[in-house]
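# What the coordinates show
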Amino acid sequence: MEQYYICYPNGKFKALTMSYDDGRTFDRRLVEIFNKNGIKGTFHLNGGLTPDKEDGQRIPSGEVNELYQGHEVASHTYTHPTIERCPLDKVALEVLEDRRKLESLVNYPVQGLSYPNGSVTPDIMDLLPSLGIEYSRVVGSSHNFGLPKDWMHWQATCHHNQRLLEHGKEFVSLFKKQYLYLMYVWGHSFEFDRDDNWELMEEFCEMVANKDDIWYCTNIEFKRYMTAAHSVIFSMDGKTAYNPSNLVIWYRSDEKVMEIKPGLNTLS
């Protein structure tokens, strides 16, 4: 019996995504490093703390759209409270007001979140989908390249100060195409300046850049793609496949890689 395996775009089997919080002015240098190496990042901002003019601390609102072009702007709540201590209705306002402010700056739906101070409860996770949130990142590191099993409790591979180069070398060397891998790095850009280790991110990005088998994506791109990939329906005889999403999804059967376009597909 013929079997079909989900692939990343263009048949790739490794994905890399980055996630950085708070919208500090050091994001400018980090974005420059990412852009130089063709790497995509997700930047979680606090709309209520984003200044209207330059203050030397955070990216001003008028710069947000241009600076993060090609990357993802996501929520970090409006004022960065420790939300597990807040009434649930106030948590909802923190998320919705952050979405409202950020969406007015970038002109697209903001559907990602990272928990401020790593603070979350099961009730908050249950609430988020009704607020338009598709995923949320927790703190801590898995130190592996596994895929998320709970989109509201998405744990990264590592913080950039936790064996980043070691993990990067291992990730680049992975070759078994029967698996899908994800390397997810998180942190805060101000930490590079505080720790005087910008060369760490520069070395990492140069190491992982321009690889034919790596998909460079934002957090929301990864989430949307994987959700769409799991929604594809194959006929029992394997001759047709229906893709209900608006994304092109890639599958592999034996050594053949195929595109599953939106709508009904006839498979040769």
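Here, every reference points to the structure presented above.
Note that the structure is predicted; figures quoted are calculated from it, not measured. (Residues numbered from 1 in each chain as written. Predicted model: local features only at pLDDT ≥ 70, side-chain atom pairs only at ≥ 80, totals over all residues. Heavy atoms only, no water.)

## Description of the overall build of the chain
Tallying secondary structure elements over the chain gives eight helices and 15 strands in all. Overall, the C-alpha framework of the chain stretches about 60 × 40 × 30 Å when taken along its three principal axes. Taking all 268 residues of the chain together, 54% fall into the buried category. Across the chain, every contact between residues at least 6 apart in sequence was considered, and the portion connecting residues at least 24 apart equals 66%. A distance of 4 Å separates the average location of the 28 positive side-chain charges in the chain from that of its 38 negative side-chain charges. (Helix = DSSP H or I, 4+ residues; strand = E, 2+ residues; numbered from the N terminus. Buried < 20%, exposed > 50% of the residue type's maximum accessible area, 1.4 Å probe, protein only. Contact = heavy atoms within 4.5 Å. Lys, Arg positive; Asp, Glu negative; His and termini not counted. Charge placed at Lys NZ, Arg CZ, Asp CG, Glu CD.)

## A word on the nonpolar core
Counting 39 residues, the largest nonpolar core has Leu16, Met201 and Phe204 as the members making the most contacts within it. With seven residues, helix H7 (residues 198-208) is the largest single contributor of residues to this core. Ignoring sequence-local partners within four residues, the contact set of Leu16 consists of Ile39, Phe171, Leu182, Met183, Phe204, Val208, Ile214, Trp215, Tyr216 and Cys217. Listed in part, the 28 residues of the second largest apolar core include Tyr8, Leu182, Cys217 and Trp250. (Core = buried A, V, L, I, M, F, W, Y, C linked by side-chain atoms within 4.5 Å.)

## Digging into empty space enclosed by the protein
One pass over the structure, following the stated rule, counts one cavity of 30 Å³ or more. Empty space within the largest cavity amounts to approximately 40 Å³. Lining the largest cavity, in full, are Asp22, Gly23, Leu45, Asn46, Leu49, Thr50, Arg58 and Ile59. Within the lining of the largest cavity, the residues separate by chemical class into three nonpolar, three polar and two charged. (1 Å grid on protein atoms, 1.4 Å probe; cavity = no way out; pocket = protein on both sides within 12 Å on 5 of 7 lines; lining within 4 Å. Points joined across faces, edges and corners; volume = space filled by probe spheres on them. Nonpolar A, V, L, I, M, F, W, Y, C, P; charged D, E, K, R; others polar.)

## Observations concerning the packing of helix H1 (residues 27-37) against H7
Interhelical geometry of H1 versus H7 gives an angle of 20° and a closest axis separation of 9 Å. Judged by the inter-axis angle, H1 sits roughly parallel to H7. Crossing hand, H1 versus H7: right-handed. Note on element contacts: H7 touches H1 through Trp198, Met201, Glu202, Cys205 and Glu206, opposite Arg29, Leu30, Ile33, Phe34, Lys36 and Asn37. Within the contact of H1 with H7, the residues separate by chemical class into six nonpolar, one polar and four charged. (Axes fitted to C-alpha atoms, helices over the stretch in contact; angles between N-to-C directions. Parallel < 35°, antiparallel > 145°, perpendicular 65-115°, else oblique. Left-handed = near helix turned anticlockwise from the far one by under 90°.)

## Observations regarding the sheet that holds strand E12 (residues 240-243)
Pairing in this open sheet of three strands is antiparallel, and the strands run E11-E12-E15 from one edge to the other. Each edge of the sheet is formed by a strand with only one pairing partner; in this case those strands are strand E11 (233-234) and strand E15 (263-266). As judged from the four bridges shared by E12 and E15, these two strands associate in the antiparallel manner. Considered in E15, the bridge of Thr240 is made with Thr266. (Pairing = 2+ DSSP bridges.)

## Structural notes on the environment of Asn243
Within the secondary structure, Asn243 is located in strand E12. In this structure Asn243 comes out as buried when scored by relative accessible area, which is 1%. With 29 residues separating them along the chain, Asn243 and Ile214 place their C-alpha atoms 24 Å apart. Leave out the neighbours within four places in its chain, and Asn243 touches Val232, Ile249, Ile260, Lys261, Pro262, Gly263 and Asn265. Of note is the side chain of Asn243, whose polar atom sits 2.8 Å from the side chain of Ser245. Polar side-chain contacts of Asn243 include one of 2.7 Å to the backbone oxygen of Leu247. (Polar contact = N/O pair within 3.5 Å; in protein donor to acceptor, adjacent residues only side chain to side chain.)

## Details of the packing of helix H5 (residues 164-173) against H7
Where H5 meets H7, the axes come as close as 10 Å, and the angle between the chain directions of the two elements is 0°. Considered as vectors, H5 and H7 are oriented roughly parallel to each other. Where H5 abuts H7, its residues Leu164, Leu165, Gly168, Lys169 and Val172 lie against Leu200, Met201, Glu203, Phe204, Met207 and Val208. The class makeup of the residues in the contact of H5 with H7 is eight nonpolar, one polar and two charged.

The values are spatial; any link to function lies outside them.
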